[in-house]
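Chain and residue survey
Below are the chains, spelled out letter by letter.
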Amino acid sequence: MTVRSISEFLEKNFDDSEIVIVNDGSTDNTKTVIENMIVNYSGKIKLKLINNKQNRGKGYSVKQGMIHSVGEVRIFMDADLPFSPEVIKEIHKKITNGNDIVIGDRNNPKSELVNVHPIRKSAGIVYSVFVQLVITGGITDTQCGLKGFSDEAARFIFSRTEIDGFGFDVEVLRIGQKKLFSISRLPVRMVNNRLDSRVHLIKDSLLMLWNLVVIKRNEIIGLYD
């Protein structure tokens, strides 16, 4: 189980840490399972559960996790653990050494990827072109589900985000750019890639393109200042 794997890793490598779990309005027994796990947990990691009353989307859920965190370094990773937990140590080191934001970069030549469908890869390339033209020039992989923030950057950025869905990553990075936070890109080693992704290629791609328009509008009217 994801929480168990991460908690064991954190216990071995960090003296003080927490895991914030956001349940995005699930209709199965996820909430009960997590609550029971927290009650029965006897380790030194702090476990915190946030329950969205209804499904709000990845962007909203990550925002809730970030603003309810208290760590000096705050990291989010997709729940299916696509990357080796060792990358947490790398992100932590970079941020404690002065970086404001550290993001996983699957386009880095040193990154190791598995089970990437050619169609999704092509769609990602097209989306990246639009992102760089409209919003965040210079960042070729905005959608990697692995990002770390200093406490200051997390509090500033996530108090201003508006996008609830998958397009939130671009908004997060754009707010960071406007604030002149440093953004460091990190090669990743993928150890798992769930082939039954919940991302609907056509519907969600169109919505994410619309999100770019919304982000640009928000920037123009000063919402991110």
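This write-up is about the structure you can find in this document. (Residues numbered from 1 in each chain as written. Predicted model: local features only at pLDDT ≥ 70, side-chain atom pairs only at ≥ 80, totals over all residues. Heavy atoms only, no water.)

This part is about the overall build of the chain. Assigned secondary structure in the chain consists of eight helices and six strands. Mapped from its N terminus to its C terminus, the chain presents α and β elements in the order α-β-α-β-α-β-α-β-α-β-α-α-β-α. Taken over the C-alpha trace, the chain has a radius of gyration of 17 Å; the compact-globule value for 225 residues is 17 Å, and the two agree within 12%. Summarising its shape, the C-alpha atoms of the chain cover approximately 50 × 40 × 35 Å along the three principal directions. Counting across all 225 residues of the chain, residues that qualify as buried make up 42%. If you sum the accessible surface of the chain, you get close to 12300 Å²; carbon and sulfur atoms cover 52% of it. Computing the positive centroid from 31 side-chain charges and the negative centroid from 27, the chain places the two 2 Å apart. (Helix = DSSP H or I, 4+ residues; strand = E, 2+ residues; numbered from the N terminus. Rg over C-alpha atoms; globule rule 2.2 N^0.38 Å. Buried < 20%, exposed > 50% of the residue type's maximum accessible area, 1.4 Å probe, protein only. Areas by Shrake-Rupley, 256 points an atom, 1.4 Å probe, with all protein chains shown as cover. Lys, Arg positive; Asp, Glu negative; His and termini not counted. Charge placed at Lys NZ, Arg CZ, Asp CG, Glu CD.)

Right, let's get into the packing of aromatic side chains. According to the stated counting rule, one finds four aromatic pairs in the structure shown. Relative to F168, the ring of F76 has its centre 5.9 Å away and its plane inclined at 45 degrees; by these criteria the two rings are tilted. Here the residue F76 occupies a position in strand β3 (residues 73–77), and F168 occupies one in helix α7 (residues 168–178), the gap between them amounting to 92 residues. The exposure class assigned to F76 is buried, which follows from its relative accessible area of 9%. Plain terms: the ring middles of F156 and F181 are 5.9 Å apart, the flat faces sit at 75 degrees to each other, and that makes the pair edge-to-face. In this pair, F156 is assigned in helix α6 (residues 151–158) and F181 in the loop between α7 and β6 (183–187), connecting sequence segments 25 residues apart. When sorted by exposure, F156 lands in the same class as F181, which is buried. (Phe/Tyr/Trp six-rings, centres within 6.5 Å; stacked < 30°, edge-to-face > 60°.)

Working note: non-glycine residues mostly have negative phi, and peptide bonds are mostly trans. One non-glycine residue, L81, lies in positive phi territory at about 50 degrees. The topology assignment puts L81 in the loop between β3 and α4 (86–96). Judged by relative accessible area, which is 15%, L81 ranks as buried. One non-glycine residue, L180, lies in the positive phi region at around 65 degrees. For L180, the location among the structural elements is in the loop between α7 and β6. Residue class for L180 comes out exposed when judged on its relative accessible area of 74%.

Quick look at the nonpolar core now. Core analysis: the largest hydrophobic core is formed by 27 residues, its most contacted members being M66, I101, F149, I157, F158 and V170. Of all the secondary structure elements, the ones that give two or more residues to this core are α3 (58–67), β4 (101–105), α5 (118–134), α6, α7 and α8 (201–220). Counting 24 residues, the second-largest nonpolar core is a separate cluster that includes F9, I95, L146 and L186. (Core = buried A, V, L, I, M, F, W, Y, C linked by side-chain atoms within 4.5 Å.)

A separate point is the packing of helix α1 (residues 2–13) against α4. Running from N to C, α1 and α4 cross one another at 50 degrees; their axes reach a closest spacing of 10 Å. Considering their axes alone, α1 and α4 lie oblique with respect to each other. Crossing of α1 against α4: the hand is right-handed. Here I6, F9, L10 and N13 of α1 lie close against α4, whose contacting residues are E86, I88 and K89. By residue class, the composition of the contact of α1 with α4 is four nonpolar, one polar and two charged. (Axes fitted to C-alpha atoms, helices over the stretch in contact; angles between N-to-C directions. Parallel < 35°, antiparallel > 145°, perpendicular 65-115°, else oblique. Left-handed = near helix turned anticlockwise from the far one by under 90°. Contact = heavy atoms within 4.5 Å. Nonpolar A, V, L, I, M, F, W, Y, C, P; charged D, E, K, R; others polar.)

Turning our eyes to something else, we now look at the side chain of S150. Along the chain, S150 falls in strand β5 (residues 146–150). Each residue touching S150, except ones within four places of it in the same chain, is listed here: E72, I95, N99 and D100.

Bringing the pairing of β6 into the picture now. Of the two faces of β6, the one lined by S184 and L186 is fully buried and the one lined by I183, R185 and P187 carries no buried residue. Relative to β6, β4 runs parallel, the two being bridged by five bridges. Its bridge partner being in β6, I101 is matched across the sheet by I183. (Pairing = 2+ DSSP bridges.)

So, about the pattern of salt bridges. A full pass over the atoms with the stated rule returns 13 salt bridges. Notably, a salt bridge pairs R56 with D164, separated by 3.2 Å at the nearest N-O pair. Separated by 108 residues along the polypeptide, R56 in the loop between β2 (46–52) and α3 and D164 in the loop between α6 and α7 bring together distant segments of the chain. Residue classification places R56 among the partly exposed residues on the basis of a relative accessible area of 33%. Using a relative accessible area of 28% as the deciding quantity, one classes D164 as partly exposed. The salt bridge partner of K178 is D225, with a shortest N-O separation of 3.9 Å. Here D225 lies in the segment after α8 and K178 lies in helix α7, a separation of 47 residues in the sequence. On the basis of relative accessible area, D225 is assigned to the exposed category, the value being 60%. One salt-bridge network, in which partners are shared between bridges, spans R174, K178, E219 and D225. (Salt bridge = Lys/Arg side-chain N within 4 Å of Asp/Glu carboxyl O.)

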